[in-house]
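# Structure at a glance
Below, each chain spelled out in residue letters.
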Amino acid sequence: MAESFAQPILSNHQLTKLKEHKYASINNAFLDPYMNHFWLWLVQRVPAWIHPNTLTVGGLVVNALTTLILIYYSPDAKTPAPTWTYFLCGLGIFIYQTLDALDGKHARRTNTSSPLGELFDHGCDALSTMLVTVGVCVTVNLGTDIWWLCFYAFSAEAVFYLAHWQTYVTGTLQFGKFDVTELQFACIFCHLLSTVGGAEFWTAPLPVVNVMPQTFTIWFMVIGVLGSVFLKASIILKGGPGRNGSAVGNMSILSPLFPLAFVLYSAYYVFTRSPETVAEHPLLFVFAFGVVMSKITDRLVIAHMTQNEMKLLDSAYIVPLVMMGRIYWGAFPWIPDHIFLWALLLHASVDIAVYCVRTCTQIRDHLNIRVFSMSPVPSTAAQNRNNAWNQSPSKRGGGGIPARINVGGSSRATPSSPLSARAPIQR
């Protein structure tokens, strides 16, 4: 829809801008300076043969496995799960947080930083945001109120999208006093409370105040979401450093609006027109649209890194459009709505996987780097000799298969200070 297999995802102009891209951030987080001592100690113990992208993907995998185990025992987000699953989910967040902090430091340590590493980092974060959010919904027992469960899940993903929209406009990723690290520890704390008190802890009124902990959590969430949206929206609307207040590279500051509005509206439409289906399969609903949200966030990150406006259309919109049309016209009444949710989740998962593989392969080939291997890069002269040998008449006539040289390099600039928790470098 937005791209086809007949043409590459990124244009030559985008690839050129990507190669010139430099990561920039402003970190005012409260906990990062303290956690940085632990992260710097730990990164020195990471074997040099492990690629930074392996750490990034490893954190995502751990987070996904621990969250899915919790969901297996509580698929409706209100059935009490074994207490060890809450602890495991909290541990998974901590491991993900640690590996996410180590990948950039390990990249600088091994001189393997690249724009592809930054894309890996943010792409995995987009999916992990959904996973962490769903895990908290289950542990806080939000399945007892589907409206708040969906509000929390989509608000968290929208705020993450807004953070990168802000970066798209200003060129700098900004962390506030209470940001990613602090929120992750708050989520871990929720899991620990369920580990000690069980799922019933969240719906039992507290002494004296006679208010459920779940209610406190909801209001904390609402205040945090509203504050984040107001802050990030105000920064976006101020404009960027481009001509007439446009974004970096003179891009329109409003081009990321339509993808976000479409996904949120389509989810809202299904939620309001098919409430029974959402009530019976709340986590399926959140996962299905959450993966679509992750896809458009990945596209926004790439748009920022390549200084290119986001396209209006995307292949991820196909099933949401079909599902909305089916509900509106009452088509295929014999097919249950949750089957369409499964179709949406399957299509969105395959779509984002294909998009990421194709994009990463294209970037890898353009930057001439490796994705997961730390093997040394052949010199240009040696590569030219190998290419000439592979193309020689005797080689071609011998019936051999020319080897594809999958080389990798380093375009990573070492920052002036490796002690920053989230230093403005390419990862």
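Residues numbered from 1 in each chain as written. Predicted model: local features only at pLDDT ≥ 70, side-chain atom pairs only at ≥ 80, totals over all residues. Heavy atoms only, no water.

## A word on the overall build of the chain
Basically, it comes down to this: Per the convention used, a helix needs a DSSP run of H or I reaching at least four residues, while a strand needs a run of E reaching at least two, with both numbered from the N terminus. Throughout, exposure labels follow a simple rule: accessible area from a 1.4 Å probe, protein chains only, divided by the maximum for the residue type, with under 20% read as buried, over 50% as exposed, and the rest as partly exposed. Contacts were defined at the residue level, with two residues in contact if any of their heavy atoms lie within 4.5 Å. With residues, only the protein chains shown are counted as cover, and all accessible areas are computed by Shrake-Rupley using a 1.4 Å probe.
The helix and strand tally for the chain stands at 15 helices and two strands. Across the 427 residues of the chain, 52% fall into the buried class. Expressed as a percentage of contacts within the chain between residues at least 6 apart in sequence, the contacts between residues at least 24 apart total 81%. Approximately 19700 Å² of the chain is accessible, and the part contributed by carbon and sulfur atoms is 68%.

## Quick look at the nonpolar core
So the rule is basically this: Joining through side-chain atoms within 4.5 Å is the link that ties buried Ala, Val, Leu, Ile, Met, Phe, Trp, Tyr and Cys residues into a set, and such a set is a nonpolar core.
The biggest cluster of nonpolar side chains holds 78 residues, and the ones touching the most others in it are Leu-149, Cys-150, Tyr-161, Trp-165, Tyr-168, Phe-285 and Phe-289. If we ignore the near neighbours within four places in the chain, the residues touching Phe-289 are Phe-154, Val-263, Ser-266, Ala-267, Val-270, Pro-320, Leu-341 and Leu-344.

## Some remarks on empty space enclosed by the protein
Selection criterion: Each cavity reported here is a set of points on a 1 Å grid over the protein atoms alone in which a 1.4 Å probe fits but cannot get out, each pocket an open set with protein on both sides within 12 Å along at least five of seven lines, and each lining residue one with an atom within 4 Å of a point. Grid points are joined across faces, edges and corners, and a volume is the space filled by probe spheres set on the points. Gly is placed with the polar residues, together with every amino acid not listed as nonpolar (Ala, Val, Leu, Ile, Met, Phe, Trp, Tyr, Cys and Pro) or charged (Asp, Glu, Lys and Arg).
Applying the stated criterion to the full structure yields two cavities of 30 Å³ or more. Lining of the largest cavity is provided by Tyr-23, Ala-24, Glu-118, His-122, His-164, Thr-167, Gly-171, Leu-173 and His-304. Those elements that place two or more of their residues in the lining of the largest cavity are helix H5 (115–139) and helix H6 (146–170). Counted by class, the lining of the largest cavity contains three nonpolar, five polar and one charged residues.

## What about the layout of surface pockets?
Over the atoms rolls a probe the size of a water molecule, and its path tells where empty space is left. The computed volume of the second largest pocket comes to approximately 900 Å³. For the lining of the second largest pocket, the per-class residue count stands at 27 nonpolar, five polar and three charged.

## Notes on the side chain of Thr-172
With respect to the helices, strands and loops of the structure, Thr-172 is situated in the loop between H6 and strand E2 (173–175). Thr-172 gets classed as buried once you look at its relative accessible area, which sits at 18%.

## A short note on the pattern of salt bridges
This is how the line gets drawn: When a carboxyl oxygen of Asp or Glu is within 4 Å of a side-chain nitrogen of Lys or Arg, the pair counts as a salt bridge.
Counted under the stated rule, the structure contains five salt bridges. Between Lys-295 and Asp-351 there is a salt bridge; the shortest N-O distance is 2.6 Å. With Lys-295 in helix H11 (residues 282–306) and Asp-351 in helix H13 (residues 337–367), this pair connects stretches of sequence that are 56 residues apart. Judged by its relative accessible area of 12%, Asp-351 falls in the buried class. Across the pair Asp-365 and Arg-364 runs a salt bridge whose closest N-O atoms are separated by 2.9 Å.

## What about the confidence of the model for the chain?
If pLDDT is low for a region, its predicted coordinates should not be looked at in detail. Quick note on the threshold: As a per-residue measure, pLDDT tells how confident the predictor is, with possible values from 0 to 100.
For the chain, the mean per-residue pLDDT works out to 85, and 86% of the residues sit at or above 70. Every residue in residues 388–426 scores below 50 in pLDDT, and together they form 84 contacts with partners more than four places removed in sequence or on other chains.

## A look at unusual backbone geometry
Residue Asn-111 is not a glycine yet carries a positive backbone phi of 55°. Here Asn-111 lies in the loop between helix H4 (83–110) and H5. Backbone geometry places Asn-210, a non-glycine residue, at a positive phi of 55°. Tracing the backbone shows Asn-210 in the loop between helix H7 (180–197) and helix H8 (213–237).

## Brief notes about the packing of aromatic side chains
Definition in use: Centres within 6.5 Å make a pair out of two Phe, Tyr or Trp rings, where for Trp the six-membered ring is used; the pair is then stacked when the planes are under 30 degrees apart, edge-to-face when over 60, and tilted otherwise. Geometrically, a lysine NZ or arginine CZ counts as sitting over a ring once it is within 6 Å of the ring centre and also within 35 degrees of the ring normal.
Within this structure, the stated rule accounts for 21 aromatic pairs. Judged by centre distance (5.1 Å) and plane angle (80°), the rings of Phe-201 and Trp-202 are edge-to-face. Under the relative-accessibility criterion, Phe-201 is labelled partly exposed at 25%. For Trp-202, a relative accessible area of 2% translates into the label buried. Taken together through their ring pairs, the aromatic side chains of Phe-154, Phe-271, Phe-285 and Phe-289 make up a single cluster. In this structure, Lys-295 is placed above the aromatic ring of Tyr-355, and the distance from its NZ or CZ to the ring centre is 4.8 Å.

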